[in-house]
Amino acid sequence: MKRCCQQGNSALLMVMLLSAVVLLLMTGMQRQLDSALYVTHDERRYWQTLTLAESSLQWGIGQVWLMGSRSGEQCLNSVTEGLRVCLRQVPGEYYMLLRGEGHLSGSSSVMVLYQRVVPIEPDGDTSPLKPIAGCWLDFCTERQEAICGG
């Protein structure tokens, strides 16, 4: 009987095997967390950009714009808030197309939203705008790139 001479090799081997399994599990969990963090960061940037584009549209609706055929495309920028909005008359239509842009600093992507609007005072030289109900778009419906801009 050589019980007194056992040195616990099997117990040590079992502890090492369990440690390796735990290490693999923790590595997999870390990768899942990194992936979730990346997705969350991207989604956060998307919502911030969308909010900026919506804010640009709302800010643009509140501005006074030049009316008439000489106005062409007009763009306004709010440097302090990072807003950019452009207005263009759609040929042959009664409405105008307002384009709001959302752009985060440090990012190359720009979110663009469109709103069909009509001038409140169409016969004046300048006019604030009134949005057409149900005509908020996240894509340009016009076939001509010159109308959509961007």
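With that out of the way, let us pick up the packing of aromatic side chains. We describe a pair of aromatic rings using the distance from one ring centre to the other and the angle between the two ring planes. Following the criterion strictly, the structure yields two aromatic pairs and no others. Ring geometry for tyrosine 46 and tryptophan 47: centres 5.2 Å apart, planes at 75°, overall edge-to-face. Judged by its relative accessible area of 40%, tyrosine 46 falls in the partly exposed class. Measuring from centroid to centroid gives 5.6 Å for tyrosine 94 and tyrosine 95, while their planes differ by 85°, and the two rings are edge-to-face. In this structure tyrosine 95 comes out as buried when scored by relative accessible area, which is 7%.

Formally, a disulfide is one covalent bond, and it connects the sulfur atom of one cysteine to the sulfur atom of another. Inspection of every chain in the model, using the stated rule, returns one disulfide. Sulfur-sulfur distance for the disulfide between cysteine 75 and cysteine 86 comes to 2.0 Å. Residues cysteine 75 and cysteine 86 are joined by a disulfide whose S-S torsion is about 110°; by sign, that bridge is right-handed. You can see cysteine 75 sitting in strand β2 (residues 74–78) and its partner cysteine 86 sitting in strand β3 (residues 83–89), a full 11 residues away along the chain. Under the relative-accessibility criterion, cysteine 75 is labelled partly exposed at 30%.

Summing up the model confidence of the chain, the mean pLDDT is 82 and the portion of residues at 70 or higher is 84%. Mean pLDDT across the elements of the chain bottoms out in helix α2 (residues 145–148) (50) and peaks in helix α1 (residues 9–61) (90).

Most of strand β4 (residues 96–103) is tucked away, with seven of its eight residues classed as buried. The sheet contact formed by β3 and β4 spans six bridges and is antiparallel. Looking at the pairing, arginine 88 lines up with leucine 97 of β4. The turn linking β3 back onto β4 is made up of six residues, and glycine 92 within it adopts a positive phi angle of 80°. As paired elements, β4 and strand β5 (residues 110–119) share eight bridges and run antiparallel to each other. For leucine 98, the partnering residue across the bridge sits in β5 and is glutamine 115. The hairpin turn running from β4 into β5, its antiparallel successor, is six residues long, and glycine 106 in that turn takes a positive phi close to 85°.

Okay, the side chain of glutamine 115 next. Inspection of the secondary structure puts glutamine 115 in strand β5. Polar contacts involving the side chain of glutamine 115 include one to the main-chain carbonyl oxygen of isoleucine 132, which spans 3.2 Å.

Turning our attention to the nonpolar core. Counting 14 residues, the largest nonpolar core has Trp65, Met67, Leu87, Leu98, Leu113, Val117 and Leu129 as the members making the most contacts within it. Only α1, β3, β4 and β5 provide two or more residues apiece to this core. Examining the composition of this core, we find that four residues originate from one element, α1, more than from any other.

A few words now on the environment of isoleucine 132. Relative to the helices and strands, isoleucine 132 is located in strand β7 (residues 129–137). The spacing of isoleucine 132 and valine 118 is 14 residues in sequence and 6.9 Å in space, taken between C-alpha atoms. Non-local contacts of isoleucine 132, meaning those with residues more than four positions away in its chain, are made with Tyr94, Tyr95, Gln115, Arg116, Val117 and Val118.

Procedures and definitions
- Residues numbered from 1 in each chain as written.
- Predicted model: local features only at pLDDT ≥ 70, side-chain atom pairs only at ≥ 80, totals over all residues.
- Heavy atoms only, no water.
- Phe/Tyr/Trp six-rings, centres within 6.5 Å; stacked < 30°, edge-to-face > 60°.
- Buried < 20%, exposed > 50% of the residue type's maximum accessible area, 1.4 Å probe, protein only.
- Disulfide = S-S within 2.5 Å.
- Helix = DSSP H or I, 4+ residues; strand = E, 2+ residues; numbered from the N terminus.
- pLDDT = per-residue confidence, 0-100.
- Pairing = 2+ DSSP bridges.
- Polar contact = N/O pair within 3.5 Å; in protein donor to acceptor, adjacent residues only side chain to side chain.
- Core = buried A, V, L, I, M, F, W, Y, C linked by side-chain atoms within 4.5 Å.
- Contact = heavy atoms within 4.5 Å.

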